[in-house]
Amino acid sequence: MNAIDRRANLLTLVRHGAFLTLLCLYLRYWVTPAIHFEAHPHSPVFYSNVAYLKEFLSYPGGLVYYLAGFVALAYHWPWGGPLVLTAMVGLVCWATDVLILAMGGKLRELAFGPAILLVVALNGLMDHPIALVALLAALLSLALYLALPAGSDGARIGVFLAVGALLHYVAGSAFLLFALLAGLHELLVRRRRLPTLVALLSMEAIPYLGATYLFSTALVDAYRRWSPWDPTIGPRYPLAACFLYFPLLVVGLSLWQWIASRRSRAPAEPLRRSKSRRARPKAAPATSRATAPHVRSLAGTAAILIVAVVTALGTFDANVHRVLTVDDCARRSDWEGVLRAARRLPMLYYTDLVNQHVNQALYETGRLGDEMFAYPQTPLWLIVDLDLGASPEEQGLKMQHRADLWFQLGDLDLRLGLVNEAEHEAHEALAMHGPHPEILKRLALVNLIKQQPDAARVFLKALLANPVYAPWAADRLQRMARDPSLSSDPYIRRVQALQCRRDRRLPRHELHLRCRGLLTDNPRNRMAFEYFMASCLLRKDLAGFVRELPRLEALGYRELPRHYQEALLVYERETRTIVDRGDYAIAPEVLQRFADFSQAAGRDPTALADRFGDSYFFYRAFGVTGSMVPR
Amino acid sequence: MRKRWIVLGVGGPLLLGVLLWVGDRQLWLARCRAWSNYHAQHAGEGLPTRINPDYDGAVIPPNIAPLNFRALTAGRRYYVRIAGRGRRQPAIELLSRSPSLRIPERPWRRLLEANVGRDITIDLCVALSSRRHERHNPICLSVAREPIDPYLVNRVIPPLYNYWEHIEVRQRDLRSFRERTVVHNRAAGNACLNCHSFRENRADRMTLGVRSGTVGSSTVMVCDGVAEKVGTKFGYTAWHPSGLLAAYSVNEVRQFFHWAGQEVRDVVDLDSGLAYYDLRGQRAWTTPGLNRDDRLETYPTWTPDGQWLYFCSAPFPWRNRHRIPPENYRQCRYDLCRISYDVETKRWGEPEVVLPAAELGKSLLLPRISPDGRFLLFCACDYGCFPIYQPSSDLYLLDLRTGRWRRLDVLNSPRSESWHCWSSNGRWVAFSSKRQDGLFTRTYLSYVDASGKTHQPFVVPQKDPASYDSCLKTYTVPELILEPVPVRPQRLAQTIIDPTQTQVDSPISFEPKAQASAPEAAWQTGRR
């Protein structure tokens, strides 16, 4: 290796290093993969037991899911996800570089193309690394295939079929990319017809034979599992671009070579692999060696970094990131975090699930009766409603589209005391999403609350095989050895006390009836009381609201929450009655605000939103909160 | 010279390691044997046996796979000796560091063969340290003379409510731990695979109900190794012994959920009736005796001579079919009935009540008749038609010769027992039970002697004895068969998704369906 080569390699190394370091920092501080991994039910999960592994051995592509689950364990730690993703993107770059070298070694900067597309995919919430692991498996298999000595056609076909079949079994339809690239390489570089034909035919034959005679998989899945065309994989377009990039690269480079050779009028020699395995570009004339490649490389590096930064920042949607942050904080019971993220969320991104988390956060921080109208509210959004829709078919469709919500619903129901509902929701999530550790954790808790320790033990023992959740499960099992139902656990005791005792059947959207039922079973259920009152306020049912006010004292309220004061003032004004408030007083500033609002009545809501937007007066008058008014 | 040093440097420590390992093992083995022999002479002084699964007192088939188990006492080494009564009997000795004790298959098979009709004992000795040990009272098993049918077909699913993703019908070879997929819904358009049924424990006639919003609801019928799709869904199906027709139920099923109580799920048949599919004419029929307007009929089963069809029937208890659950669903109890049939003339008789629900004060469900035609095994629960969701569901045996029935206390537990079947020789029953934890259903086997006495049941053994402890799947609808299902899983799946089917008009139709709320909607429309 001469000095020029050494310098070129060093530059390549520096370029890759700089790119990957920046990528890692970007992933850590912007994308934060952990937030959309653990809160997301689609994330692949990993259990170390053989029974779990066996489920993935019965169909092509199963192993890549299992591997992705293992890789995704790293997401649990703040730096784990960024480092693992960076390493995988780095390997993709390396494998692309190998492909470019095999194509003649021109334009090695193009090795960063897939990395930039993957950044777009990661920005677009590629919530699990399955597609990335599958892509990597295909590219590493290709690198292995390209590294083979030229040999005879027969030997190459044999190796191709062996590697291809294995890759199809491991990574599903990522095999198609491998076969296409290997075929193109055989055709355009080695100019061998038979291996090309075999490679292209195998794209049809291997998945077909596997699905028909070997595996329990649908034929269509044999061709599309874990590819960008798989409906369970997202986001599709950047991933599809990434998969298409490689064949276009191979064809483009060949075309470029051909045009270059035509221009120089040199006989068009087939690009054969050199003895040193990698064909290197021919050295430039001695006079230009010292400066031109150096400058070109630096310019190339700068261009790559600029393109990468512009693409990354240009495709990053901070609001989607905030929605995920809300989910993640709610899962971790970081209620201040929920409110912080939700406060900066524009109305367009403010979903019913975000609203449910916000209201729960307000309740948990003791501010539901004081601040709920500072956030967007509608009567339908106090909690997520799954019951909307007229016919069973419509309802079924809605449920299917919102299946992910099963994963999110249980926590609130459990805290309300709707233990059977929470169990139902967790089981739906288990059936649809598989044994995500968060689901198993909730089911263990539900069964402990229901004093079914044997069933709880099954979930806890299953969790022992997940390295991240094993300590939590082991701790619970250890405590259960002394206290089988964990009756000393404060959370379990609290929910047991609130647990619904009478069998009723009330749909989810009739929250006020549910809460009233819970209050009948247990008048000390403060959460049911606050949600009932909030529901009354949102439905503008002030008579119902006033009827339940006498419960305040028994529930230990020292003073009337602000929105309750506002609602009382509205009620008294509208009905021209005086409500017996007992020892609870209306604060002077609330009285003053009510007077101010009354004076300003009749004005445009936009003009009043800044001053009164967070009050019940405003909601009562306009049917929306101030934060929902476009300004 | 250098080579020799390398050989010595690597091989020496390796050889030493092997010798040390063998020596240590032999030392422990000798120690445990001595402890075990000492205790054999002082029988009854050991501690109560604590193993999982608990096989103590079970009668086992002579062709069952090794009963691997896990010792529940923590120790450094575990010594197990499995032997028959006679001194010259072959014995199996295991020494393990792990409490999971896996019995080698070949010696186990030899041991069972040598002890058919006799007892075998499992001695467990747990070494707590090199000087201290704990010896447990021996576990006693009886090896029956009659083998069990070698294959067990189960539906393997997570505990399902409305939605499903993975449903699999799996076939287990009970003589070993080999298992294979009969059909997986992953390959079959994610359809919901319902109950499977066979004719007289043979796999030459099989049906499998399929419910799907995408590939349609249908029945896959396997006849002599050929799978075809019938364009109507059979509910609970019973093959006539002749194999010429299959009786099936048509159920308007609704699921609903309880806010309180241990079991969240419940099921009600708003309407149901029985029909039969004639393979010769490829048509479905019914008869007034099978589908009365004033009653709900379900769960058909044939006598072995094919002259009687037994089924469950309840008076139509609700007026408002649009309310879910119906107002008095807890009062709905099914009688055990039967109706005669002549396969030659294709004539049906009049239905008659064999055992009224009022006699037990329970709902009588899932009748299955022993191959000799003498016993009828059924389950009884407080109300309704779906015993697996009823913790009160227990197994009962009706002697068809004397008309006497009894609760099978040996088989029952405080949790749900249901989905039972007989082996082809009538000496074994397989049934589903939630006794382990109240949530996950496992398959248990029990010996039934000629007088109808049932013996201590045991759970179907698994290679990893701890597998049930963390298994999140339920094993339901156990069916014992003599030969493996003759159709490849890919072929069965292809049949399900293939639009080609035998068009069959259902002879039973119900009034417009009651509207379900959202959670029930997917379940009833067959949408995952």
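Please read all numbers here as calculations on a predicted model, not as lab measurements.

(A) Representation of the nonpolar core within the structure. Counting 127 residues, the largest nonpolar core has Leu-135, Phe-178 and Phe-246 of chain A as its most contacted members. Counting residues per element, this core draws most heavily on helix α7 (residues 130–146) of chain A, at 14 residues. In contact with Phe-178 of chain A, not counting residues within four places along its chain, are Ala-138, Ser-141, Leu-142, Tyr-145, Phe-160, Val-163, Gly-164 and Leu-167 of chain A. Counting 80 residues, the second largest nonpolar core, distinct from the first, contains Ile-92, Ile-103, Phe-431 and Val-448 of chain B.

(B) Region of the structure containing the sheet that holds strand β18 (residues 245–257) of chain B. All names here are of chain B. Taken in spatial order, the four strands make up an open sheet running β17-β18-β19-β20, and their pairing is antiparallel. Of all strands in the sheet, those with a lone pairing partner are β17 (237–239) and β20 (283–285), marking the two edges. Strand-to-strand twist of the sheet, defined as the mean angle between neighbouring strand axes without regard to direction, takes the value 30°. Relative to β18, β17 runs antiparallel, the two being bridged by three bridges. Bridge pairing in β18 places Ala-238 opposite Ala-247.

(C) Spotlight on the domain arrangement of chain B. Residue and element names in this part refer to chain B. You can read the domains of chain B as domain 1 (46–143) and domain 2 (151–497). Look at where the C-alpha atoms of domain 1 and domain 2 centre, and you get two points 35 Å apart. Every contact between the two is made by 21 residues of domain 1 and, on the other side, 19 residues of domain 2. Here domain 1 meets domain 2 over a buried area of about 1700 Å², counting both sides, of which 64% is carbon and sulfur. At the junction of domain 1 and domain 2, the tally comes to two salt bridges. When the shortest N-O distance is used, the salt bridge between Arg-102 and Asp-464 registers 3.7 Å. Run the count over domain 1 and domain 2 and you get four residue pairs in polar contact (both at pLDDT 80 or more). Elements represented by at least two residues in the side of domain 1 that touches domain 2 include exactly β2 (59–60), β3 (69–71) and β6 (100–101). The residue makeup of the side of domain 1 that touches domain 2, split by class, is 12 nonpolar, five polar and four charged.

(D) Inspection of the packing of helix α15 (residues 318–331) of chain A against helix α17 (residues 352–364) of chain A at higher detail. Residues and elements named next belong to chain A. For the pair α15 and α17, interaxial distance at closest approach is 10 Å and the crossing angle is 40°. Classed by the angle they form, the pair α15 and α17 counts as oblique. Between α15 and α17 lies a crossing whose hand is left-handed. Along the contact surface, α15 presents Val-323, Val-326, Asp-327 and Ala-330, while α17 presents Leu-353, Val-354 and His-357. Residue composition of the contact of α15 with α17, by class: five nonpolar, one polar and one charged.

(E) Layout of the domain arrangement of chain A. What the domain assignment reports for chain A is domain 1 (3–261 + 301–311) and domain 2 (511–628). For domain 1 of chain A versus domain 2 of chain A, the distance between C-alpha centres works out to 57 Å.

(F) Region of interest: empty space enclosed by the protein. For the structure shown, the criterion picks out five cavities of 30 Å³ or more. Size it by volume and the largest cavity reaches roughly 110 Å³. In terms of lining residues, the largest cavity is bounded by 14 residues, among which Phe-37, Leu-73, Pro-437, Asn-466 and Tyr-469 of chain A are the most central. Listed by contribution, the elements that provide at least two residues to the lining of the largest cavity are α2 (35–38) and α4 (62–72) of chain A. Computed from the structure, the second largest cavity encloses a volume of approximately 80 Å³. If you trace the second largest cavity, you find it lined by Leu-152, Asn-154, Arg-170, Gln-171, Arg-172, Glu-179, Thr-443, Val-460, Gln-462, Tyr-468 and Tyr-475 of chain B. Among the secondary structure elements, those contributing two or more residues to the lining of the second largest cavity are β10 (151–157) and β11 (168–173) of chain B. Sorting elements by how many residues they give to the lining of the second largest cavity places β11 of chain B first, with three residues.

Parameters at a glance
Residues numbered from 1 in each chain as written. Chains lettered and ligands numbered in written order. Predicted model: local features only at pLDDT ≥ 70, side-chain atom pairs only at ≥ 80, totals over all residues. Heavy atoms only, no water. Core = buried A, V, L, I, M, F, W, Y, C linked by side-chain atoms within 4.5 Å. Buried < 20%, exposed > 50% of the residue type's maximum accessible area, 1.4 Å probe, protein only. Helix = DSSP H or I, 4+ residues; strand = E, 2+ residues; numbered from the N terminus. Contact = heavy atoms within 4.5 Å. Pairing = 2+ DSSP bridges. Axes fitted to C-alpha atoms, helices over the stretch in contact; angles between N-to-C directions. Domains from an automatic or database assignment. Buried area = accessible area lost by both parts, 1.4 Å probe. Salt bridge = Lys/Arg side-chain N within 4 Å of Asp/Glu carboxyl O. Polar contact = N/O pair within 3.5 Å; in protein donor to acceptor, adjacent residues only side chain to side chain. Nonpolar A, V, L, I, M, F, W, Y, C, P; charged D, E, K, R; others polar. Parallel < 35°, antiparallel > 145°, perpendicular 65-115°, else oblique. Left-handed = near helix turned anticlockwise from the far one by under 90°. 1 Å grid on protein atoms, 1.4 Å probe; cavity = no way out; pocket = protein on both sides within 12 Å on 5 of 7 lines; lining within 4 Å. Points joined across faces, edges and corners; volume = space filled by probe spheres on them.

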